[in-house]
Amino acid sequence: MDEAHRIEFCCSICLDLLKDPVTLPCGHSYCMSCIKDCGDGEEHKEIYSCPQCRQTFTPRPVLVKNTMFAELLEEMKKMGLQAAPPDLCYAGPGDVACDVCSARKLKALKSCLVCLASYCEQHLQPHYDSAPFKKHKLVEATVKLQENICSRHDEVMKIFCRTDQQCICYLCSMDEHEGHRKVSAAAERTERQEELGLSRQKIQQRIQDTEKDVKVLQQEVEAISRSADKAVEDSEEIFTELIRLLEKRRSEVKQQIRSQQEEEVSRAEEVQEKLKQEIAELRRKDAELEQLSHTQDHIHFLQNYPSLSCLSESTHSPSINIRPLSYFEDVTAAVSELRDKLQELLSEEWSKISLTVTGVDVLLPQPEPKTRAEFLQYSCHITLDPNTAHTRLSLSEGNRKATLMAKEQSYPSHPDRFTGCWQVLSRESLTGRCYWEVERKGLVFIAVSYQDISRTGNRDECVFGFNEKSWTLICSNMNCDFRHNNIRTEIPLPVSSRVGVYLDHRAGILSFYSVSETMTLLHRVQTTFTQPLHAGLWLYGNTAEFCELK
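As the structure is a prediction and not an experimental result, all values here were calculated from the model.

What counts and what doesn't
- Residues numbered from 1 in each chain as written.
- Predicted model: local features only at pLDDT ≥ 70, side-chain atom pairs only at ≥ 80, totals over all residues.
- Heavy atoms only, no water.
- Helix = DSSP H or I, 4+ residues; strand = E, 2+ residues; numbered from the N terminus.
- Rg over C-alpha atoms; globule rule 2.2 N^0.38 Å.
- Buried < 20%, exposed > 50% of the residue type's maximum accessible area, 1.4 Å probe, protein only.
- Contact = heavy atoms within 4.5 Å.
- Areas by Shrake-Rupley, 256 points an atom, 1.4 Å probe, with all protein chains shown as cover.
- UniProt positions renumbered as here; feature names shortened; annotations may be inferred.
- Arc of directions from axis to C-beta.
- Polar contact = N/O pair within 3.5 Å; in protein donor to acceptor, adjacent residues only side chain to side chain.
- Phe/Tyr/Trp six-rings, centres within 6.5 Å; stacked < 30°, edge-to-face > 60°.
- Pairing = 2+ DSSP bridges.
- Axes fitted to C-alpha atoms, helices over the stretch in contact; angles between N-to-C directions.
- Patch = residues over 30% accessible without salt bridge, like charges linked within 9 Å, V, L, I, M, F, W, Y side chains within 5 Å.
- Salt bridge = Lys/Arg side-chain N within 4 Å of Asp/Glu carboxyl O.
- Expected span 1.5 Å × (residues − 1).

(A) Examining the overall build of the protein chain more closely. A count of helices and strands for the protein chain gives 11 helices and 23 strands. Relative to its length of 550 residues, the protein chain is extended, with a C-alpha radius of gyration of 53 Å against a globular reference of 24 Å. Considered along the principal axes of its C-alpha atoms, the protein chain spans approximately 185 × 80 × 40 Å. Residues classed as buried in the protein chain amount to 30% of the 550 residues present. Long-range pairs, those at least 24 residues apart, make up 55% of the contacts in the protein chain with a sequence separation of at least 6. If you sum the accessible surface of the protein chain, you get close to 35900 Å²; carbon and sulfur atoms cover 53% of it.

Okay, here's the thing in structure tokens:
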């Protein structure tokens, strides 16, 4: 039997084969238990209706088993009639269930905003077939139907109050919303729908723009990877070439030393052999003279002495001076000097290489911090380098504090020491984003400087702010100004005893702040830093100290 005929013998409530079928006066049949349960739910009403066609009955019809229908179903079962169609979809967790199904509920297809109920395909049919139901508003099945009911009046909300920006029912409009600006929910929806369309256009445009940015960034990522791979490959090749060159020079030096060694040893051995022969000849001559000295024959002595006493010229030159054992030490010294120069060159060039590598930045610089708490995220621990301190400066507090003294301190001589100005540099080199604070007394220069600033010479060469290698904020008790490359910028703002310094090396930003209860920007520099920086102090007052920040 085909599916259409099987459906005719199914209960429209449980959608299974009819069990103990009963037929209502309208002609629709149901399972005895299904229609009884449905009718029991309407006991508080005086009018009963058919769940399918909604025809009403007064009083409640007496439910009597349709014997003929039951016998026919039994015959149908013997002929192979199955239960409900196999493709029916039962409601599961999270699904909207049909409100009419009394046994196992099917998944609802539509919800009616007038009936405030949800229906499966079978129970939805009256809304398509019956003229009164065709006027009802059907929407996709939803569990939020109760949101359309006014919680105060239990009425459907069809009005929108623009004054209070909320949905209300007609009783609300006559009560607490009387006098308010009100429109139908449909009219408000139409207007909001236009706004929604504009919002969607903006969102879609932003999506397109953002997708373009994502695509650009993806291209940048690929370009970065290609560039990095190429740089690694080229660097490996260059360093391999350098290593090969060093290996070649090492081999040449070794070969030259061994060649010179062989030549000098050969010459020495040749002279040594001649000297040995001369010694043997002298010993033979000495033996003959000794023998002659013992002869008793005067005539024999006188005849042989002239020939024996005549000595041949010595092959040993008195001008040969044997040096101390330091023949090749000069070579070692020369190689050591080369090593030191290479180390120095590599150290200088490595700073440039490192700065160039870290300078690769696809994205725009991050915004500067605003609050002190944001600045403290970049706080760094700074200590002063005793090897750079002028002899009039005394360092204390773990080399964080500098004090100008009346007498010179007993510092050892060092090439990094400032000798012409009362200055000191930090031990740490600064790159990336850094923040530190200085507590000062008296006139103090709070500076940043390249490591290669001059340690001697005139003011323009070594004093912070008077050359292109340093930037400084000059703070006194009354005011402050900024100086770089001997160009002075007056700052018409009071400065507290504590000054904050913010550095974004990559972005080329250097900012000075007066730190009290608030952060007051004193001066901001936008430039390009070509080397790592060091914090610095120049004192003409009592003390200056790098603060411990937590």
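(B) Representation of the UniProt feature "domain: B box-type" (unreviewed entry) in the protein chain. In the UniProt entry, the feature "domain: B box-type" (unreviewed entry) is given for residues 145–185. With 15% helix and 22% strand, the stretch residues 145–185 has end C-alpha atoms that lie 15 Å from each other.

(C) How the structure looks around helix H4 (residues 121–129). Turning to H4, its buried residues are His 123, Leu 124, Pro 126 and His 127. On an axial view of H4, the arc spanned by its buried residues comes to 135°, and they lie on one face. Turned more than 90 degrees from where H4 packs its buried face, Glu 121 and Asp 129 sit exposed. Against the buried residues of H4 lie strand E5 (110–112), strand E6 (117–119), helix H5 (131–134) and strand E7 (138–140).

(D) Quick peek at the side chain of Arg 433. Along the chain, Arg 433 turns up in strand E14 (residues 433–441). Polar contacts involving the side chain of Arg 433 include one to the side chain of Tyr 378, which spans 2.7 Å. Within the structure, the side chain of Arg 433 is placed 2.8 Å from the side chain of Tyr 502, a separation counted as a polar contact.

(E) View of unusual backbone geometry. Unlike most non-glycine residues, Asp 20 shows phi in positive territory, near 50°. Looking at where Asp 20 falls in the secondary structure, it is placed in the loop between helix H1 (3–8) and strand E1 (21–23). A residue is classified by how much of its surface remains accessible, and Asp 20, at 44% relative accessible area, is partly exposed. Non-glycine residue Leu 116 carries a positive phi angle of around 55°. Relative to the helices and strands, Leu 116 is located in the loop between E5 and E6.

(F) Structural detail: the packing of aromatic side chains. Counted according to the given criterion, the structure contains 12 aromatic pairs. Their ring planes at 35° and their centres at 4.3 Å tell us that Phe 445 and Trp 538 sit as a pair that is tilted. Taken together, the residues span a long stretch of sequence, with Phe 445 in strand E15 (residues 444–450) and Trp 538 in strand E22 (residues 533–539) at a distance of 93 residues. Taken as a pair, Phe 445 and Trp 538 share a single burial class, namely buried. Ring centres 5.9 Å apart and planes at 5° place the aromatic pair Trp 538 and Tyr 540 in the stacked group.

(G) Representation of the sheet that holds strand E8 (residues 159–161) in the model. One open sheet accounts for 3 strands, arranged E9-E8-E10; its pairing is antiparallel. This sheet does not close on itself; its edge strands, each paired only once, are strand E9 (166–168) and strand E10 (182–184). When the angles between neighbouring strand axes are averaged without regard to direction, this sheet yields 35°. Pairing of E8 with E9, which is carried by 3 bridges, proceeds in the antiparallel orientation. Each bridged residue has a counterpart across the sheet, and for Ile 159 the counterpart in E9 is Ile 168. Across the face of the sheet, helix H7 (residues 185–293) comes into contact with E8 and E10 while running at roughly 90° to E10.

(H) Molecular detail of the environment of Cys 462. With respect to the secondary-structure elements, Cys 462 resides in helix H11 (residues 459–462). The class of Cys 462 is buried, set by a relative accessible area of 1%. For the pair formed by Cys 462 and Cys 421, sequence separation is 41 residues and the distance between their alpha carbons is 7.3 Å. Look past the residues within four positions of Cys 462 in its chain and what remains in contact with it is Phe 418, Cys 421, Gln 423, Ile 453, Ser 454, Arg 455, Thr 456, Gly 457 and Asn 467.

(I) Region of the structure containing a nonpolar patch on the surface. A cluster of nonpolar residues, Ile 238, Phe 239, Leu 242, Ile 243 and Leu 245, forms a patch on the protein surface that exposes about 480 Å² of accessible area. Looking at where Ile 238 falls in the secondary structure, it is placed in helix H7.

(J) Representation of H7. Compared with the 162 Å implied by 1.5 Å per residue over 109 residues, the 153 Å span of H7 between its first and last C-alpha is a close match. For H7, the set of buried residues is Glu 188, Glu 278, Lys 285 and Leu 292. In the core, the buried residues of H7 are packed alongside E8, E10 and helix H8 (298–309).

(K) Summary view of the pattern of salt bridges. Within this structure, the stated rule accounts for 29 salt bridges. The residue Lys 107 makes a salt bridge to Asp 95 at a minimum N-O spacing of 3.9 Å. One end of the pair, Lys 107, is in the loop between helix H3 (67–78) and E5; the other, Asp 95, is in the loop between H3 and E5, and 12 residues separate them in sequence. Taking the shortest distance from any N to any O, the salt bridge between Lys 110 and Glu 140 comes out at 2.9 Å. Placement of Lys 110 in strand E5 and of Glu 140 in strand E7 is noted, with a sequence separation of 30 residues between them. Judged by relative accessible area, which is 57%, Glu 140 ranks as exposed. The network of salt bridges with common partners includes Arg 162, Glu 188, Glu 191, Arg 192 and Glu 195.

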